[in-house]
Each structure stands twice: as C-alpha cells, then as structure tokens.
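Letter by letter, the chains look like this.
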2 protein chains.
Amino acid sequence: MKKSDIVRTLLKNRYRHAPLHSSATAYAPSNIALCKYWGKRDQELNLPVTSSLSISLANKGSFTELSLTQNPNDVVFVNGQQLDLNSSFGKRLQAYFDLFRVKSSLFFETNIKTNIPIGAGLASSACGFASMVMALNALFGWELKENELSILARLGSGSASRSLWHGFVEWRAGEQSDGLDSFGELIADTWPEFCVGLLIITEAEKEISSRVAMQRTVTTSPLYSAWPLKVKNDLSTLKRAIGSKDFRLLGETAESNALTMHATMLSAWPPVFYALPETITLMKKIWALREQGFMLFFTQDAGPNLKLLFLEKDAEAVQREFPHVDIIKPFKQTSKE
Amino acid sequence: MKKSDIVRTLLKNRYRHAPLHSSATAYAPSNIALCKYWGKRDQELNLPVTSSLSISLANKGSFTELSLTQNPNDVVFVNGQQLDLNSSFGKRLQAYFDLFRVKSSLFFETNIKTNIPIGAGLASSACGFASMVMALNALFGWELKENELSILARLGSGSASRSLWHGFVEWRAGEQSDGLDSFGELIADTWPEFCVGLLIITEAEKEISSRVAMQRTVTTSPLYSAWPLKVKNDLSTLKRAIGSKDFRLLGETAESNALTMHATMLSAWPPVFYALPETITLMKKIWALREQGFMLFFTQDAGPNLKLLFLEKDAEAVQREFPHVDIIKPFKQTSKE
C-alpha cells in the first residue's frame, strides 16, 4: 500500500481541496521513547513491529511556519538556513509535500525552527513532521482528529506519531496492513515531578540513520526475535509504573528497554554501535551513582547522547553531578504549546 | 550430581590411590573462544548450555609445579606470591584439591606461574586449572585419557576443558546430566598463518566475575533465549571456515559471536558491561581499518580487553596500528608445550 492511498482514505472528500488559509503555524514537542520503537513491519508506511511509549519534551521541539509560495519549487528553511532540496532531508520533505499537493503547481514554503540538535538521536524528525502535519491541517482546514493527524505524522517519520501531545504517549502498533489502527494516544496520567535531563555528548549527525540501523537489526540480528516479547512486557510494566507513580519501576524498565534495543543492534551485522567512549563514561557514572542510592536512570536512542530520568527533588544533585545537563520538566514547561 | 561423584566415576579403581610421585609439573596454554561459552545448564559441574570453540594461545598460559607437602594445609604460590587460602581463588582451589585428597591429611603445595593477567578476561583460570589437572594426573600416575582430563579440568573452570591442547578446540556441550559427554576435542586442522593479538587495556581484575555475569544473563536477559541458536549456527560456520581457511568468514563469525554474547549481557538486569571507554575507541578503530580493506577482526571476553584476529601477512601493519599489541602465533610458538 502506498502513502498516497492512506492520505486519500483519511482525507475523504477533503482530498484535493484547496488550502483554506495562505499560511499556518504549529509547534510540536520532541519525544523520547521509554519503550522503544525499533523495527518496521512496513517500510513504506512506517508501521512498527511493536507498540512503544514516550514522554514528550515540553518546550524542546519544532516550530513550523507553513505557507504557499509562488515559486516553481518548495522552499525550505531549517533554523534560518535554506535547505538544499537535493539533500537527503530535502528529498524526504518534498516527497512528503507531494502527498498533499492539490495540483502539481502548488508549492510550499516552510520555515522549521527546532531547538534540539538535528539527526543526533533527539527525535528532531519526530517533532519536525508532527509540527508539519499540524501546520498542514491548519493551512488546509481539514479539521482532522488527533489519531488521524498521528497517522499522517507517522507517514513522515514513525516516532512523529507520538509527538502530537505533551506528556506520556503510547503508539499502538496496530495490526492492519493499511496502518489505520497504528497511531499515538495520550496517556491521561500526569506526573509533575518527572524530569528528563539531556546529556549531549555531540550534536553531530549520526553516521548511520535510525532507518538503516533498524532495518539492519531486523534482518541480521539473531537476537531480534526476542525483542517483541521484551517490548510487550516493558510496555505493560511502564503503564503500571506511570499509573502508580513508581519511579524506580519506570526507570529500571526504561533503561533496560533501551539497553536491550542497543543489544539487538550490537548483534546485527555489520554491528551498529551508537555509543562513543564518553557515552560509556557517563553510563558507568550513572550506574555508580545508583549504587550509592541515587534514583537516576537513563535511556539512549539512535545516537551517542543519553537522556537522564529522575524526579524533581533530585534535579539539583543531577545538575551538580552533570554540569552540562539540560533539564526538562515535561509537565511544567509546555508554554510553547 | 556432585563433583566428587564425577571424579570417582572417572578414576574408577584409581580413586583414592596414593600419588605415584612426590612432584610433577605441567604447562597448559590459555585459550580464547571464537564461539563463546556463555551460560551453564549445571552450576555445580560447569556444564554449558551450548558447545564452544577456541584457539589456544601457544606460549601464553600457566606452568604448574605440584608436590605433596608435610604442612597441615595446602600451600599455594601464584607468580611467586603466597596465596591467602581465604581469598576467593584460595577457597576455590582448596575445594578443587578436596576432590583428590586420598586421605584428609594429604595436602598439596603448588606453584602456579602464569604469563597473562589474572582475572582480566584472558582465561587465566582456564590455563590454570588445565595445567593443574595435567600435573595431578602426572603426580598420581592416573594415565587418564585427554577427554577425561578435559572433564576434570571443566570441574575447576568451564573453559579449562579447552586448554589441554594447542590449536583449535571444540568443547561439546553434551547432553548427559553427569556431563561425561561434555569435554574438549582437538580440531585436527592447523593454520600456521593464523595470529591473535592481545590488546590489553587494563590488567585489573574485572568487577563482576564471568561466573556471576553468566548466571545473571541466563536468568534475566530477555534476549538469552535466542543465544543457543546463534551458537549452533556460528559453530558450524567456524568449522567450515577453519576447514577451508576462509579467514574473512572466520573473523566475521567470531566477532559477531562475541558482540552477540556482550549483547545478551547488556540486556541483563542489572546490565553487565565489560567495555571501558578505551575498548570502544579500539573497536571503532578496528571497524574503520576494516572499512579501508584491512582483514582485521576482534573478539572480547568477560573483560575490557580485546583480542585481534588476523593473518601473519598483516602482522607488521597490526603492530604499526596498535603499538602495544602482543602478537601470538598459535601454531608457531608452542615451545613451552
């Protein structure tokens, strides 16, 4: 099935309607998975093998301005710099716009501002595509429901399906081949004391894209077969931990889930290893602090940077131990919403 | 089943025979697994979940002098230093000697000399117990067969079952509960050009013993269930690679096997991570060299040190890239045999 079929199905009689407005803006937070999305059951539609669960990063995310242009081409600015449309991301974004061109002469001008490093495992494509979908929805006046927006965001980037909300979000894998049952859903629970700390080791773009690494893992790792059951158990544990505000249970489960995802990559061939030496130094420091009774956990995505998980009462101590940490309070800093 | 039952079964009418000589000496090489032993099906008898395959390290190993003593206690020297019998290794060795005390008043004096770091993932216990078993066999005059010696060595340390020979050795897991079908066997093929390079990052003893790490992996890693099939495939591939002298196939399989073993540890809880930052730096250097066409692979055991695998024609280049490497030619340096 093709992306354009899904868009046609979702938009129904609004498909190919002209934009209602000449410009629109939207903000979407980045999100960090506590239970990871790793492996696709459909490459074209970004349908995952397993469900996943994330926490949105409040005021860390993407702000998208979208308008129509008279130019005979899309015009894209990322953080004020014009994007080469022949670059990898340029092509990807144009192909995404193709899904929504009412006529072949309709082109978009967009200005994406993001306050997190791009392509460094900080879900820049998640917030980027989520904010783009919200801006498209406003521009065209589609008035889509949240789950429909989530599906459209997923067509841009899998984890974008989780970036339409603040707070904890579950992306259900779904079972249908058209993926119309595969979208994010907000988990109602809030946890004001919950903190995420970004430990940025490098803002450099990763050498292997998550897309490539994921696919290599699925096709070559002898351990991948055990991953779906691990996710099933971790998801259920994480939801229980969120419901009962059991931070230790949440932290242990999230860290174990991340390490197990990296374990599946380490066993792929050629091996995929996102950690840098500094990543290992930080991991060992976190483990040593935990040995001392510190309630501090981490998660790691397709990049060398770590994300700390802790409660607000420990924020000062975390700042002291990790002077460069960027602390986010997902339930207290949603001003850019 | 207890170790003493196995010893009694193996020694038959020689069980409790007095020593034939007053002293004996033996040498056994250390060995590095190309297909790892990771997980026990019997803790007491060191029976493995899977078979494994190793290369012996020629003149890197243990030289054991064994004699009877009039002291009312065992006396153990390791590299010239007297061992505290209440230390972890002291207790382990005494319990091993208990298996062979003809009468309760018989005590051993032993001097173990080893030319590799102890407890740092370089199979010091493998060569230590293998040389001890050979010395015991000589002292008592048992005239045991190699497979019987291998079983006795296994009772001391699992991987010791592979240290009775030079060259490639397969340790067959066996199926019996008494483990009498679980012993090492020499693979007849030799490969004179085959080299191993020790990259010692630290000689410090590891924080978590392989015994503990292995058991934690078996009981807590969600990925361990996929390990036995990985080993089955790798073993068959490695034997094919040795038979046809296909170095690339051997190297890729050995490296992938090691990384997959470490992947099962990374997914255990609490996670077990033997790599140090320097280990990662070296791994990335090896991968970068391979990208340039260099036929260089590594394996890693329960410690941060790496062991390079390459052919003799590349020895000079390896020495240039890794000035501190200690190069071993397993089929050319067996003078201490």
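Keep in mind that what you see is a predicted model, and the values were worked out from it rather than measured. (Residues numbered from 1 in each chain as written. Chains lettered and ligands numbered in written order. Predicted model: local features only at pLDDT ≥ 70, side-chain atom pairs only at ≥ 80, totals over all residues. Heavy atoms only, no water.)

*Asks:* Where do I start with the overall build of chain A in this structure?
*Replies:* Counting secondary structure elements, chain A contains nine helices and 13 strands. The globule rule puts the C-alpha radius of gyration for 337 residues at 20 Å, and the 20 Å found for chain A is close to it. The burial tally for chain A puts 59% of its 337 residues in the buried class. Considering only residue pairs separated by 6 or more positions, chain A has 75% of its internal contacts joining residues 24 or more positions apart. Carbon and sulfur atoms make up 49% of the accessible area of chain A, which totals about 13,300 Å². Distance between charge centroids for chain A: 3 Å, based on 37 positive and 34 negative side chains. (Helix = DSSP H or I, 4+ residues; strand = E, 2+ residues; numbered from the N terminus. Rg over C-alpha atoms; globule rule 2.2 N^0.38 Å. Buried < 20%, exposed > 50% of the residue type's maximum accessible area, 1.4 Å probe, protein only. Contact = heavy atoms within 4.5 Å. Areas by Shrake-Rupley, 256 points an atom, 1.4 Å probe, with all protein chains shown as cover. Lys, Arg positive; Asp, Glu negative; His and termini not counted. Charge placed at Lys NZ, Arg CZ, Asp CG, Glu CD.)

*Asks:* Looking at this structure, how should I read unusual backbone geometry?
*Replies:* Note that the residue after Trp269(A), namely Pro270(A), is joined by a cis bond; omega there is -10°. Considering the arrangement of structural elements, one finds Pro270(A) in the loop between α7 (247–266) and α8 (277–291). A positive phi is found at Arg16(A), a non-glycine position, where the angle reads about 70°. Tracing the chain through its elements places Arg16(A) in the loop between α1 (3–11) and β1 (23–35). The backbone of Lys245(B) shows a phi angle near 50°, a positive value even though the residue is not glycine.

*Asks:* Honestly, α8(A) in this entry has me stumped. Any pointers?
*Replies:* Given a rise of 1.5 Å per residue, 15 residues ought to cover 21 Å, and the 21 Å separating the end C-alpha atoms of α8(A) matches this to within 8%. When we look at burial in α8(A), the residues that qualify are Pro277(A), Thr279(A), Ile280(A), Leu282(A), Met283(A), Ile286(A), Trp287(A), Leu289(A) and Arg290(A). Looking at the buried side of α8(A), the elements it contacts are β10 (194–199), α7, β11 (297–300), β12 (306–311) and α9 (315–321) of chain A together with α8 (277–291) of chain B. Gly293(A) lies just past α8(A) and shows a positive phi near 105°. (Expected span 1.5 Å × (residues − 1).)

*Asks:* I would appreciate a short explanation of the packing of aromatic side chains in the present structure.
*Replies:* Here a ring pair, both rings aromatic, is described through the centre-centre distance and the interplanar angle of the planes. Residues and elements named next belong to chain A. According to the stated counting rule, one finds 32 aromatic pairs over all chains in the structure shown. Relative to Phe331, the ring of Phe168 has its centre 5.4 Å away and its plane inclined at 50°; by these criteria the two rings are tilted. Within this pair, whereas Phe168 is found in strand β8 (residues 168–171), its partner Phe331 is found in the segment after β13 (326–328), the two being separated by 163 residues in sequence. Looking at Phe168, the relative accessible area reads 0%, which means it is buried. Consider the rings of Phe247 and Phe297, whose centres lie 5.9 Å apart with planes at 65°: the pair is edge-to-face. (Phe/Tyr/Trp six-rings, centres within 6.5 Å; stacked < 30°, edge-to-face > 60°.)

*Asks:* Got a minute to help me understand the pairing of strand β5 (residues 75–78) of chain A in this structure?
*Replies:* Regular strands place side chains that alternate from one sheet face to the opposite one. Residues and elements named next belong to chain A. Sheet analysis places β5 next to strand β7 (residues 107–114), joined by four bridges and oriented parallel. Across the sheet, the residue bridging to Val76 is Thr110, located in β7. Judged from the two bridges that link them, β5 and strand β6 (residues 81–82) form a sheet pairing that is antiparallel. Within β6, the residue paired with Val78 across the bridge is Gln81. The hairpin formed by β5 and β6 contains two residues between the paired strands, and Asn79 there has a positive phi angle of roughly 50°. (Pairing = 2+ DSSP bridges.)

*Asks:* In this structure, what is going on with the packing of helix α2 (residues 88–98) of chain A against helix α3 (residues 124–140) of chain A? I would like to understand it.
*Replies:* When two helices pack together, their arrangement is given by the angle between the helix axes and the distance between those axes. Residue and element names in this part refer to chain A. It is the contact of α2 with α3, at a shortest axis distance of 12 Å, that shows an interaxial angle of 30°. In terms of their interaxial angle, α2 and α3 are classed as roughly parallel. The handedness of the crossing between α2 and α3 comes out as right-handed. Here Phe89, Arg92, Leu93, Tyr96 and Phe97 of α2 lie close against α3, whose contacting residues are Ser125, Phe129, Met132, Val133 and Leu136. (Axes fitted to C-alpha atoms, helices over the stretch in contact; angles between N-to-C directions. Parallel < 35°, antiparallel > 145°, perpendicular 65-115°, else oblique. Left-handed = near helix turned anticlockwise from the far one by under 90°.)

*Asks:* Please explain the pattern of salt bridges as it appears in this structure.
*Replies:* One side chain can pair with another of opposite charge once the charged atoms of both are near each other. Throughout the structure, instances matching the rule amount to 28 salt bridges over all chains. Between Lys332(B) and Glu312(B) there is a salt bridge; the shortest N-O distance is 2.8 Å. Of this pair, Lys332(B) sits in the segment after β13 (326–328) while Glu312(B) sits in the loop between β12 (306–311) and α9 (315–321), and the two are 20 residues apart along the sequence. Residue class for Lys332(B) comes out partly exposed when judged on its relative accessible area of 47%. One network of salt bridges, in which partners are shared, links Lys36(A), Asp301(A) and Lys307(A). (Salt bridge = Lys/Arg side-chain N within 4 Å of Asp/Glu carboxyl O.)

*Asks:* Looking at this model, I keep getting lost on the sheet that holds β12(B). Mind explaining?
*Replies:* Sheet strands pair via backbone hydrogen bonds, and the direction of the pair is either parallel or antiparallel. Residues and elements named next belong to chain B. As summarised here, the arrangement of the four strands in space is β11-β12-β10-β13, forming an open sheet in which the pairing is antiparallel. Each end of this open sheet is capped by a strand with a single partner; those strands are β11 (297–300) and β13. Taking the axes of each pair of neighbouring strands and ignoring which way they run, one obtains an average angle of 30° across the sheet. Across three bridges, strand β10 (residues 194–199) lies against β13 in antiparallel orientation. If you follow Val196 over to β13, its bridge partner there is Ile328. Of the strands in this sheet, β10, β11 and β12 touch helix α7 (residues 247–266), which is tilted by about 30° from β11. Along the sheet, α8 makes contact with β10, β11 and β12, crossing β11 at roughly 155°.

*Asks:* Help me understand the interface of chain A and chain B in this model?
*Replies:* Size of an interface: often given as the accessible area lost when the parts come together. Facing the 28 residues of chain A at the interface are 28 residues of chain B. Put simply, chain A and chain B have zero salt bridges between them. Classifying every residue of the side of chain A that touches chain B by side-chain character gives 16 nonpolar, seven polar and five charged. (Nonpolar A, V, L, I, M, F, W, Y, C, P; charged D, E, K, R; others polar.)

*Asks:* I would appreciate a short explanation of the confidence of the model for chain A in the present structure.
*Replies:* The predicted coordinates of low-pLDDT regions are not to be read in fine detail. Per-residue pLDDT for chain A averages 95, and the proportion of residues at 70 or more is 98%. Overall fold confidence for the complex sits at a pTM of 0.94, while the interface term, ipTM, reaches 0.92. (pLDDT = per-residue confidence, 0-100.)

*Asks:* Any chance you could explain the relation of the copies chain A and chain B here in plain terms?
*Replies:* Here the second copy of the chain follows from the first by a rotation about an axis and a shift along it. With an RMSD of 0.0 Å, chain A superimposes on chain B once it is rotated by 180° and translated 0.0 Å along the axis. This pairing of chains is accounted for by a two-fold axis. Here 100% of the interface residues in chain A have copies in chain B that are interface residues too; the copies meet face to matching face. (Least-squares fit on C-alpha atoms with pLDDT ≥ 70 in both.)

*Asks:* Would you explain the domain arrangement of chain A in this entry?
*Replies:* All names here are of chain A. Taken domain by domain, chain A consists of domain 1 (3–186) and domain 2 (194–328). Centre-to-centre separation of domain 1 and domain 2, based on C-alpha positions: 25 Å. On the domain 2 side, the residues contacting the 30 residues of domain 1 number 42 residues. The largest share of the area that domain 1 buries against domain 2 comes from Leu34, Lys36 and Trp38, three residues that together contribute 29% of it. At the boundary of domain 1 and domain 2, one finds three salt bridges. Asp301 is paired through a salt bridge with Lys36; the nearest N and O atoms lie 2.6 Å apart. Where the side of domain 1 that touches domain 2 is concerned, the elements lending two or more residues are β1, β4 (52–69) and β8. No other element matches β4, which puts six residues into the side of domain 1 that touches domain 2. When the residues that make up the side of domain 1 that touches domain 2 are grouped by side-chain class, the tally is 16 nonpolar, nine polar and five charged. (Domains from an automatic or database assignment. Buried area = accessible area lost by both parts, 1.4 Å probe.)

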